[in-house]
Amino acid sequence: LIEGAKTSLTLSLWAAQLEVLEPHLRRARARGVQVRMMLFGESAPQNLGSVYLHHFIDSSIVENRLGAQLMVLSADSREVLVANLGPHTDGWAVRTRDRALVLVAEEYVRHDVVLAALTAKVGKEVLLELIALNEDLMFMVRGEELGHALEVGL
């Protein structure tokens with residue numbers, strides 16, 4: 001999918017996934033492909049396109065809610081791979097050109113990117129306070145009802 005991309009790659013990756021894919025992404029960049037990525041990791045690689053770090057919510061919360069280290073890879077907004085390659089569950093993957101699923105997968109990444117940029121501007125504390133005060137947001141983040149989430153701590 002990466003090797004066949006002509007104009008753009010939109011990704012959501014975990015650090016271990018990036019380690020495997022980075023040489024392919026660098027070749028894509030060398031061909032002029034625009035790379036936009038949400039990364040669940042500690043540091044962004046240099047010269048790999050637009051990389052946003054997912055530091056606004058603890059990544060273990062995301063992994064627990066999803067039951068996966070979800071990887072999303074969209075090429076040219078035409079084809080998407082959504083996969084669970086996490087170390088704690090059985091792997092699975094879906095690769096499709098279905099326009100609806102490509103759209104949903106790209107929107108998933110775009111919303112995380114926008115939230116990362118917003119959080120970098122206003123601060124993580126503001127985001128966490130907003131989530132803690134709103135039962136619906138708490139459910140969206142934790143996948144749990146507010147009472148239980150407060151017991152274990154956001």
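A few points on the structure. Everything quoted here is computed from the prediction, not taken from an experiment.

## A short note on the packing of aromatic side chains
Then step 1. Tallying each qualifying case throughout the model produces one aromatic pair.
Then step 2. With centroids separated by 4.3 Å and ring planes inclined at 5 degrees, the aromatic side chains of Trp 14 and Phe 40 adopt a geometry described as stacked. One end of the pair, Trp 14, is in strand S1 (residues 8–14); the other, Phe 40, is in strand S2 (residues 34–40), with 26 residues separating them in the sequence. The burial state of Trp 14 is the same as that of Phe 40; both residues are buried.

## Focus on the nonpolar core
Then step 1. Among the nonpolar cores identified, the biggest contains 20 residues, and Leu 9, Leu 11, Leu 13, Leu 25 and Met 37 are the most heavily contacted of them.
Then step 2. Where this core is concerned, the elements lending two or more residues are S1, helix H1 (15–30), S2, strand S4 (70–75) and strand S5 (79–84).
Then step 3. Ranked by residue count, the leading element in this core is H1, at four residues.

## Things to note about the packing of helix H4 (residues 124–132) against helix H5 (residues 135–142)
Then step 1. The N-to-C vectors of H4 and H5 enclose an angle of 110 degrees; their axes lie 6 Å apart at closest approach. In terms of orientation, H4 and H5 fall into the roughly perpendicular class. On H5, the residues touching Leu 130, Ile 131 and Ala 132 of H4 are Leu 137, Met 138 and Val 141.
Then step 2. Counted by class, the contact of H4 with H5 contains six nonpolar, no polar and no charged residues.

## Here's the deal with the pattern of salt bridges
Then step 1. Considering all chains together, one arrives at seven salt bridges under this definition.
Then step 2. Here Arg 31 makes a salt bridge to Glu 3, at a shortest N to O gap of 3.7 Å. Of the two residues, Arg 31 is situated in the loop between H1 and S2 and Glu 3 in the segment before S1; the sequence distance between them amounts to 28 residues.
Then step 3. Given the relative accessible area of 40%, Glu 3 is considered partly exposed.
Then step 4. Between Glu 106 and Arg 110 there is a salt bridge, with its nearest N and O atoms 3.3 Å apart.

## Quick notes on unusual backbone geometry
Then step 1. Positioned with a positive phi, Asn 47 is a non-glycine residue whose angle comes to about 55 degrees.
Then step 2. Turning to its location among the elements, Asn 47 is positioned in the loop between S2 and strand S3 (50–53).
Then step 3. The phi angle at Ser 77 is positive, at roughly 55 degrees, despite the residue not being glycine.

## Here we look at helix H3 (residues 99–122)
Then step 1. For H3, which comprises 24 residues, the first-to-last C-alpha distance of 34 Å matches the rise-based estimate of 34 Å (1.5 Å per residue) to within 8%.
Then step 2. Of all the positions in H3, only Val 102, Ala 105, Glu 106, Val 109, Asp 112, Val 113, Ala 116 and Thr 119 are classed as buried.

## Structural notes on H1
Then step 1. Taking 1.5 Å of rise per residue, the 16 residues of H1 would be expected to cover 22 Å, and the 21 Å separating its terminal C-alpha atoms lies within 8% of that figure.
Then step 2. Considering bend angle alone, the principal kink of H1 is centred on Leu 21 and spans about 55 degrees; proline Pro 23 follows within four residues of it.
Then step 3. Those residues of H1 that fall on the buried side of the exposure criterion are Gln 17, Leu 18, Leu 21, Leu 25 and Ala 28.
Then step 4. Looking one or two places after H1, you find Gly 32, whose phi comes out positive at around 95 degrees.

## Some remarks on the sheet that holds S3
Then step 1. An order of S3-S2-S1-S4-S5-S6 is seen for the six strands of this open sheet, with the pairing classed as mixed. The open sheet has two edge strands with one neighbour each: S3 and strand S6 (92–96). In this sheet, adjacent strand axes meet at a mean angle of 10 degrees when their direction is disregarded.
Then step 2. Of the pairings in the sheet, the one linking S1 to S2 comprises seven bridges and is parallel in character. Bridge pairing in S2 places Leu 9 opposite Val 35.
Then step 3. In this fold H1 packs onto S1, S2 and S4, with an angle of close to 160 degrees to the strand it touches most, S1.
Then step 4. On top of the sheet, H3 reaches S1, S2, S3, S4, S5 and S6; it is set at about 110 degrees to S4, its chief contact.

Cut-offs and rules
Residues numbered from 1 in each chain as written. Predicted model: local features only at pLDDT ≥ 70, side-chain atom pairs only at ≥ 80, totals over all residues. Heavy atoms only, no water. Phe/Tyr/Trp six-rings, centres within 6.5 Å; stacked < 30°, edge-to-face > 60°. Helix = DSSP H or I, 4+ residues; strand = E, 2+ residues; numbered from the N terminus. Buried < 20%, exposed > 50% of the residue type's maximum accessible area, 1.4 Å probe, protein only. Core = buried A, V, L, I, M, F, W, Y, C linked by side-chain atoms within 4.5 Å. Axes fitted to C-alpha atoms, helices over the stretch in contact; angles between N-to-C directions. Parallel < 35°, antiparallel > 145°, perpendicular 65-115°, else oblique. Contact = heavy atoms within 4.5 Å. Nonpolar A, V, L, I, M, F, W, Y, C, P; charged D, E, K, R; others polar. Salt bridge = Lys/Arg side-chain N within 4 Å of Asp/Glu carboxyl O. Expected span 1.5 Å × (residues − 1). Bend = angle between axes of the 7 residues up to and from the residue. Pairing = 2+ DSSP bridges.

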